[in-house]
Amino acid sequence: MRLRRTLPVLLLLTTACTGGPTLENQGDVTAPPGDSSHLTVGSAGFTESDLLAQMYVLLLDQAGYSTQILSVTNRELYEPALESGQIDVVPEYAATFADWLNAKVNGPDAAPVGSPDLGKTMTALRSLATPRGLTVLDPGAAVDQNAFAVASSYATEHHLKTLSDLGASKLPVRLAAGDECVQRPYCAPGLKKTYGIDITAVDPKGVGTTPSKQAVQNGQDQMVLTTSTDATLDNFGLVLLDDDKHLQNADYIVPVVNRSQAGSSKVTAALDKLNTVLTTADLASMNEQVDSWRRLPGDVARTYLQSKKLIPR
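What comes next is a walk through the structure. As the structure is a computational prediction, the values presented were derived from the model and not from experiment.

Note on terminology: disulfide describes a covalent bond linking the sulfur atoms of two cysteines. Taken as a whole, this structure holds one disulfide when the rule is applied. A sulfur-sulfur distance of 1.9 Å marks the disulfide that ties cysteine 181 to cysteine 187. Measuring handedness by torsion sign, the sulfur bridge of cysteine 181 and cysteine 187 sits at about -85 degrees and is left-handed. No difference in accessibility class separates cysteine 181 from cysteine 187, as the two residues are buried.

See below:
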């Protein structure tokens, strides 16, 4: 098994203030896509990003590339490094990255371009990424977006499977979430407007934190804001309610590549293989193996790809 070398973050410091291609190298955007034999895959440093990065390097290894992983937790650092070619490939989230690039290009007060519509989100994302020398590959089925969970006993008692069910029930709901939930359109205001849910208060215990889940488990709160790949819900006796009216943005997982280094059809074909198998449930299961079972991300990623016959045993 090849060891993955983590590059020092100091390499990125010189890229922190860079933008897209300068006037001198705008031609790079329309030049033939590059195909470097050695590729650096970026990780944002949390479990899910580490898992995705490990799967990317295994698939690229299988396609004949030499790879290494660079872990950088700050998007303000790793995105410019992706533009400059210090990072060649990174896993991203479609709506979140679209809004981040939009704010970078058009200012922090720019209207969001990410939305629950995956097609519109991808169109906006690619229009922002392409002039910066980046290529956004196709999304698969896996999505990591905001999600809402209730106690399974509460769901059974009130016949709840969807957020629409909860709205129709007219039950008063105290929501465990971050304090920003009071104002965010996907959170309390959106739950009220889209689903008619009676949010009586927001309990600021954080997004998907242990205290927030415990508050719902013990009945102090009725619902918690977490994510769709949260693998610990069973431990607290919680179940997700389906976002059946699509309030949440389309944060599907997409590989983003530096076009001049990793824009070839060979790289695309290697990474697209993950789209044929990876689901949200698969990702949640792998997160659980790392976070709860204390397995190494590289081992979990390898076992998963082998089980799907994408790499040899």
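A few words on the packing of aromatic side chains. In total, this model carries one aromatic pair according to the counting rule given. Taken together, a centroid distance of 6.4 Å and an interplanar angle of 10 degrees make the contact between phenylalanine 97 and tryptophan 100 stacked. Of this pair, phenylalanine 97 and tryptophan 100 both sit in helix α4 (residues 94-106), three residues apart, roughly one helical turn. A relative accessible area of 1% means that phenylalanine 97 is categorised as buried. Lysine 266 extends its terminal NZ or CZ atom over the ring of tyrosine 65, reaching a point 4.8 Å from the ring centre.

Positive phi is not limited to glycine here, since arginine 294 has a value of about 65 degrees. On the secondary structure map, arginine 294 appears in the loop between α12 (280-291) and α13 (297-307). Judged by relative accessible area, arginine 294 falls into the exposed class, the value being 67%. One non-glycine residue with positive phi stands out, namely lysine 309, at about 60 degrees. Along the chain, the position of lysine 309 falls in the segment after α13.

Another point: the side chain of glutamate 83. Tracing the chain through its elements places glutamate 83 in helix α3 (residues 75-84). Look at glutamate 83 and you get buried, because its relative accessible area is 12%. Among the polar contacts made by the side chain of glutamate 83, one reaches the side chain of arginine 132 at a distance of 2.6 Å.

At their nearest, the axes of helix α2 (residues 47-62) and α13 sit 8 Å apart, and the two run at 55 degrees to each other. Taken together, the axes of α2 and α13 lie oblique to each other. Crossing of α2 over α13 shows right-handed handedness. Between α2, through Asp50, Leu51, Gln54, Met55, Leu58 and Leu59, and α13, the contact on the second element is made entirely by Pro297, Gly298, Val300, Ala301, Arg302, Tyr304 and Leu305. Grouping the constituent residues of the contact of α2 with α13 by class yields nine nonpolar, two polar and two charged.

Taken together, the buried positions of helix α11 (residues 265-272) are Val267, Ala270 and Leu271. When α11 is viewed along its axis, its buried side chains cluster within an angular range of 90 degrees and face the same direction.

What follows deals with the nonpolar core. In globular proteins that are soluble, nonpolar side chains generally tend to be buried together. Of all hydrophobic cores here, the largest spans 35 residues; its most connected members are Met55, Leu60, Leu274, Leu278 and Leu305. Only β1 (38-43), α2, β3 (89-93), β10 (253-258), α11, α12 and α13 provide two or more residues apiece to this core. With nine residues, the single largest contributor to this core is α2. Not counting the four nearest positions on each side in its chain, methionine 55 is found in contact with Leu274, Leu278, Met286, Ala301, Tyr304 and Leu305. Residues Met223, Leu225, Phe236 and Leu247 belong to the second largest nonpolar core, which totals 31 residues.

Along the chain, the position of threonine 280 falls in helix α12. Relative accessible area serves as the criterion here: at 18%, threonine 280 is assigned to the buried category. Taking the C-alpha atoms as reference, threonine 280 lies 17 Å from leucine 238; in sequence the two are 42 residues apart. If sequence neighbours within four positions are ignored, threonine 280 has contacts with Ala141, Ala142, Val143, Ser228 and Thr229.

This paragraph deals with the sheet that holds strand β9 (residues 238-241). As summarised here, the arrangement of the five strands in space is β7-β6-β8-β5-β9, forming an open sheet in which the pairing is mixed. Of all strands in the sheet, those bounded by a partner on one side alone are β7 (198-204) and β9. Sheet twist, expressed as the mean angle between neighbouring strand axes with direction ignored, is 40 degrees. Note: strand β6 (residues 172-177) against strand β8 (residues 223-227), two bridges, orientation parallel. Of the residues in β8, the one forming a bridge with leucine 175 is methionine 223.

Once that is clear, we can look at the packing of α2 against α12. Where α2 meets α12, the closest approach of the two axes is 10 Å, and the angle between their N-to-C directions is 110 degrees. Taken as axis vectors, α2 and α12 run roughly perpendicular relative to one another. Facing Thr47, Glu48, Leu51, Leu52 and Met55 of α2, the residues of α12 in contact are Leu283, Met286, Asn287, Val290 and Asp291. Class assignment for the residues of the contact of α2 with α12 results in six nonpolar, two polar and two charged.

The rules we used
Residues numbered from 1 in each chain as written. Predicted model: local features only at pLDDT ≥ 70, side-chain atom pairs only at ≥ 80, totals over all residues. Heavy atoms only, no water. Disulfide = S-S within 2.5 Å. Buried < 20%, exposed > 50% of the residue type's maximum accessible area, 1.4 Å probe, protein only. Phe/Tyr/Trp six-rings, centres within 6.5 Å; stacked < 30°, edge-to-face > 60°. Helix = DSSP H or I, 4+ residues; strand = E, 2+ residues; numbered from the N terminus. Lys NZ or Arg CZ within 6 Å of the ring centre and 35° of its normal. Polar contact = N/O pair within 3.5 Å; in protein donor to acceptor, adjacent residues only side chain to side chain. Axes fitted to C-alpha atoms, helices over the stretch in contact; angles between N-to-C directions. Parallel < 35°, antiparallel > 145°, perpendicular 65-115°, else oblique. Left-handed = near helix turned anticlockwise from the far one by under 90°. Contact = heavy atoms within 4.5 Å. Nonpolar A, V, L, I, M, F, W, Y, C, P; charged D, E, K, R; others polar. Arc of directions from axis to C-beta. Core = buried A, V, L, I, M, F, W, Y, C linked by side-chain atoms within 4.5 Å. Pairing = 2+ DSSP bridges.

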